[in-house]
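In case you want the letters, here they are:
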Amino acid sequence: MASIKLHEIAHCYNAGKGTGVDYALKPLNQSWDNGGAYALLGPSGCGKTTLLNIISGLLRPSEGRVLFDEKDITDLTTEQRNIAQVFQFPVVYDTLSVAKNLAFPLQNRGLANDVIERRVAEVLQMLGMQAKANLKARGLNADDKQKISLGRGLVRTDVEAILFDEPLTVIDPHLKWQLRTELKKIHQQFQHTMIYVTHDQTEALTFADKVIVMYEGAIVQIGTPEELFEQPKHTFVGKFIGSPGMNVLPCELQGSDIVVNGNKIALGRPVSVSREDSKGLELGIRPEYVKLSADSGIPVDITGVEDVGKHIVVRSKFHNIDVNIILREGEDIPGNPGLIFEPSKINLYQHSYLVGTG
Amino acid sequence: MKPLNNKAWFMVLPVLVLVAFSAIIPLMTVVNYSVQDTFGNNEFFWVGTEWFQELLTSERFHNALQRTFLFSGLVLLIEIPLGIFIALAMPKRGIGVSICLVLMALPLLIPWNVVGTIWQVFGRVDIGLLGHGLAELGIDYNYTQDIFDAWLTLIVMDVWHWTSLVVLLCYSGLVAIPEVYYQAARIDGASRWAVFRYIQLPKIKRVLLIAVLLRFMDSFMIYTEPFVVTGGGPGNATTFLSIDLVQMAVGQFDLGPAAAMSLVYFLIILLVCWVFYTIMTSYDNDEIGQGRQPNA
């Protein structure tokens, strides 16, 4: 196993064609510690898969170097890299049995038959598929097929890292949770470096120790799930993570007070914002930290109420800006409502980037 | 018990009438001929199974049948692997795709008798590019006199004419394979052969079945090209079943034996196609059967 380092990696798919560089992945530096569980989170088309394919060698980056344990492997082929990758859609070798599918990567690497047999038996047990070992892979359902795809990575003894490219997309919702738990267990047991690409925040937050949020070909934040929730470094992260996402309101700064459309919010303590330019300021606050009170706070119009079970989401409008509020059970919507923000949970953004916390 | 509703029969009646006129009635006419004898003048005599008995013991029929099987077998053995190979070598994207597809489709657009004429002239020793060229090189080649040369000409001609069909079918199967399979194969360290054996071949199996059936049926019924090129000669060396049949029916006007032969010919094609189909799909059924086992 190895740590993976990406040095000034960038990629554009139309390199050398036409004019102008259209980066699918903007230049970035990132290291992945040996044995870490990472999630790459971001909307479709933000460069997650590109980044993954660069690590596995399916794609050669147009700029930068890939290092495994400080060794430059940028020019090595996928076959030489000892990386396992599980794709969005399960890939199985239809005509081979489950056991033969698992043996396939080992046979290609010319391992001895008794070693192969032992490894396959181990992985079958790990995946709980002993009973299906001799079935043809074609007849299996999607989640078993995806398990085999995963198993072909696990069966190898030389694997430095396992990459997952939205592996649970085609899996039934009730099995997703189960498979994710199994993955987590496998990670704890074998300590492979795992990088898990997803656009589903629940998946990312439950799977990984560290979540990397990508947006428009760049990494916008790396952090623990808690950091991403409490202090999103970019308004995109705030909006993307959480359900509903963070409320973002344009604001101004007057001393230590935040002014939202003429409504003053006392922060209670000064914030450090670069004073030269106070334009493009925005206030970010999680719906969880907004309260509704009668006859005080920032007046809003309630436009909708959704009961999602454990809490109630109140949709409101404030000068054409949507503001969501989460009410705990038992709390009522007062007449003539106003918004009260919890001062310590307010984040300040300038040009979408975090500049101060409450 | 549900009450039977026979109205549905009226719904299929138009199709039934159409099929009757286009297939059943002509076929029955042949069946009718096959059990009768005629001396012209539209007079027929009942002979029972005599023509069939005669046919099955006829050396002429057996020889023609063997020649036809040999021809079909050789054609399949060459065209199927060659077709797969060319399809694999064809580009998957870019301008080359259109060029290759057009080039591949060209031989298929030429009418059979024109193909025959082209090769008949091409192979002639006196004026043909191929025949004369070979003669100049000192190779003794003459498809009108040498049995081996005649067969070689016909087989090369058929390969030239019909390999494209196999190529196009296989190519359509190959381009339908998602890129992710190749990526997974690279992750698994698969060799080129393993990729072909475990990804490409299984994925093109269905179109390959169609290719094999079409090429078998077509080559087994081949008539026009050998008729134009060799006329069944030298001697009877390239007299396939179809040529023999036409000689019997049109040349000798033996309607009864010709009808019996047509039926046997038809049944052989049907039987062989069924065998091919069963062999090539038995693997699938086996898999589906296993897949349906209850989850253990």
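In this text the structure is predicted, and so the values were computed from the model without any measurement. (Residues numbered from 1 in each chain as written. Chains lettered and ligands numbered in written order. Predicted model: local features only at pLDDT ≥ 70, side-chain atom pairs only at ≥ 80, totals over all residues. Heavy atoms only, no water.)

Draft legend 1. A look at the overall build of chain A. Helix and strand counts for chain A stand at 8 helices and 23 strands. Dimensions of chain A, computed from C-alpha atoms along their principal axes, come out at roughly 75 × 50 × 35 Å. Expressed as a percentage of the 358 residues in chain A, the buried residues total 53%. Contacts in chain A between residues far apart in sequence, at least 24 positions, make up 67% of those at least 6 positions apart. Summed over its atoms, the accessible surface of chain A is roughly 15800 Å², and 48% of this surface lies on carbon and sulfur atoms. Averaged over its 37 positive side-chain charges, chain A has a centre that lies 5 Å from the centre of its 43 negative ones. (Helix = DSSP H or I, 4+ residues; strand = E, 2+ residues; numbered from the N terminus. Buried < 20%, exposed > 50% of the residue type's maximum accessible area, 1.4 Å probe, protein only. Contact = heavy atoms within 4.5 Å. Areas by Shrake-Rupley, 256 points an atom, 1.4 Å probe, with all protein chains shown as cover. Lys, Arg positive; Asp, Glu negative; His and termini not counted. Charge placed at Lys NZ, Arg CZ, Asp CG, Glu CD.)

Draft legend 2. Structural detail: the confidence of the model for chain B. Residue and element names in this part refer to chain B. The pLDDT averaged across chain B works out to 86; a share of 94% of its residues lies at or above 70. The spread of mean pLDDT over the elements of chain B runs between helix H12 (residues 255-291), the lowest at 78, and helix H3 (residues 59-89), the highest at 93. The low-confidence segment residues 286-296 (pLDDT under 50) makes 11 contacts with residues lying over four places distant or belonging to another chain. As a predicted assembly, this complex carries a pTM of 0.77 together with an ipTM value of 0.78. (pLDDT = per-residue confidence, 0-100.)

Draft legend 3. Spatial organisation of the pairing of strand S6 (residues 83-86) of chain A. Residue and element names in this part refer to chain A. Side chains Ile83 and Gln85 of S6 all project onto a buried face; the interleaved residues Ala84 and Val86 project onto the opposite face, where all are buried too. Sheet analysis places S6 next to strand S7 (residues 161-165), joined by 4 bridges and oriented parallel. Paired with Gln85 across the strands is Leu163, a residue of S7. (Pairing = 2+ DSSP bridges.)

Draft legend 4. Inspection of the interface of chain B and chain A at higher detail. Across the contact, 25 residues belong to chain B and 30 residues belong to chain A. Here chain B and chain A share an interface that buries about 2500 Å² over both sides, 56% of which is from carbon and sulfur atoms. Contact with chain A buries surface across chain B, with Arg186, Ile187 and Asp188 of chain B losing the most and accounting together for 29% of the total. Joining chain B to chain A, the criterion identifies 2 salt bridges. Between Asp188 of chain B and Arg152 of chain A there is a salt bridge, with its nearest N and O atoms 2.6 Å apart. Broken down by secondary-structure element, the contributors of at least two residues to the side of chain B that touches chain A are helix H8 (179-187), helix H9 (192-220) and H12 of chain B. (Buried area = accessible area lost by both parts, 1.4 Å probe. Salt bridge = Lys/Arg side-chain N within 4 Å of Asp/Glu carboxyl O.)

Draft legend 5. Representation of the pattern of salt bridges in the model. All names here are of chain A. Within the structure shown, the criterion is met by 20 salt bridges over all chains. A salt bridge links Arg65 to Asp75; its shortest N-O distance comes to 3.5 Å. Taken together, the residues Arg65 in strand S4 (residues 63-68) and Asp75 in the loop between strand S5 (71-72) and S6 connect sequence positions 10 residues apart. We note a salt bridge from Glu122 to Arg118, for which the minimum N-O separation is 3.6 Å. Taken together, the residues span about one helical turn, with Glu122 and Arg118 both in helix H3 (residues 113-127) at a distance of 4 residues. For Arg118, a relative accessible area of 47% puts it in the partly exposed group. It is possible to trace a salt-bridge network through shared partners that takes in Arg60, Arg65, Asp72 and Asp75.

Draft legend 6. Structural detail: the sheet that holds strand S22 (residues 347-350) of chain A. Residue and element names in this part refer to chain A. Pairing is antiparallel in the open sheet, where 4 strands are placed in the order S11-S15-S22-S23. The sheet is open, and its two edges are formed by strand S11 (247-250) and strand S23 (353-357), each paired on a single side. Here the strands of the sheet are splayed against their neighbours by 30 degrees on average, with no regard to which way each runs. Of the pairings in the sheet, the one linking strand S15 (residues 281-285) to S22 comprises 4 bridges and is antiparallel in character. (Axes fitted to C-alpha atoms, helices over the stretch in contact; angles between N-to-C directions.)

Draft legend 7. Main features of the sheet that holds strand S10 (residues 218-223) of chain A. Residue and element names in this part refer to chain A. Taking strand neighbours across the sheet as the criterion, the 6 strands line up as S6-S7-S8-S3-S9-S10 in an open arrangement whose pairing is mixed. The sheet is open, and its two edges are formed by S6 and S10, each paired on a single side. Averaged over all adjacent pairs, the angle separating strand axes in this sheet is 20 degrees, with direction ignored. Contacting S6 and S7, helix H4 (residues 142-154) crosses the sheet at an angle of about 175 degrees to S6.

Draft legend 8. Spatial organisation of unusual backbone geometry. All names here are of chain A. Each neighbour pair has its own omega, and for Ser243 with Pro244 the value is -5 degrees, a cis peptide bond. In this structure, Pro244 sits in the loop between helix H8 (235-240) and S11. Phi is positive for Glu8, which is not a glycine, with a value near 50 degrees. Looking at the element boundaries, Glu8 is found in strand S1 (residues 4-11). Unlike most non-glycine residues, Ser352 shows phi in positive territory, near 75 degrees. Examined against the element boundaries, Ser352 turns out to sit in the loop between S22 and S23.

Draft legend 9. Structural detail: the environment of Thr224 of chain A. Its place among the elements puts Thr224 of chain A in the loop between S10 and helix H7 (225-230). Measuring from C-alpha to C-alpha, the distance between Thr224 of chain A and Ser243 of chain A comes to 17 Å, with 19 residues separating the pair along the chain.

Draft legend 10. Region of interest: helix H4 (residues 95-105) of chain B. All names here are of chain B. Gly96, Val97 and Met104 are the residues of H4 that are buried. Considered in projection along H4, the buried side chains sweep an arc of 100 degrees and stay on one side of the axis. In H4, the exposed residues that point more than 90 degrees away from the buried face are Ile95, Val102 and Leu103. Buried-residue contacts for H4 involve H3 and helix H7 (147-175). (Arc of directions from axis to C-beta.)

Draft legend 11. Representation of a nonpolar patch on the surface in the model. All names here are of chain B. Together, Val15, Leu18, Val19, Ile24, Leu27, Met28, Val31, Phe266, Leu267 and Leu270 make up a nonpolar patch on the protein surface, roughly 880 Å² of accessible area in all. Only helix H1 (7-34) and H12 provide two or more residues apiece to the nonpolar patch. With 7 residues, H1 is the largest single contributor of residues to the nonpolar patch. Turning to its location among the elements, Leu27 is positioned in helix H1. Leu27 sits in the partly exposed class, given a relative accessible area of 34%. (Patch = residues over 30% accessible without salt bridge, like charges linked within 9 Å, V, L, I, M, F, W, Y side chains within 5 Å.)

Draft legend 12. Structural context of the packing of aromatic side chains. Under the defined criterion, the tally for this structure stands at 20 aromatic pairs over all chains. Summarising the aromatic geometry, the rings of Tyr93 of chain A and Phe104 of chain A are spaced 4.3 Å apart at their centres and angled 45 degrees between planes, so their arrangement reads as tilted. Residue Tyr93 of chain A is found in the loop between S6 and helix H2 (98-108), and its partner Phe104 of chain A is found in helix H2; the two are separated by 11 residues along the sequence. You'll find Tyr93 of chain A and Phe104 of chain A in the same group, each marked buried. Ring geometry for Trp119 of chain B versus Phe122 of chain B: centroids 5.2 Å apart, planes at 90 degrees, classification edge-to-face. With Trp119 of chain B and Phe122 of chain B both in helix H5 (residues 112-122) and 3 residues apart, the pair spans about one turn of that helix. Of the residues examined, Trp119 of chain B reaches a relative accessible area of 7% and is grouped as buried. Residue class for Phe122 of chain B comes out partly exposed when judged on its relative accessible area of 27%. Above the ring of Tyr289 of chain A, the side-chain terminus of Lys345 of chain A is found at 4.9 Å from the ring centroid. (Phe/Tyr/Trp six-rings, centres within 6.5 Å; stacked < 30°, edge-to-face > 60°. Lys NZ or Arg CZ within 6 Å of the ring centre and 35° of its normal.)

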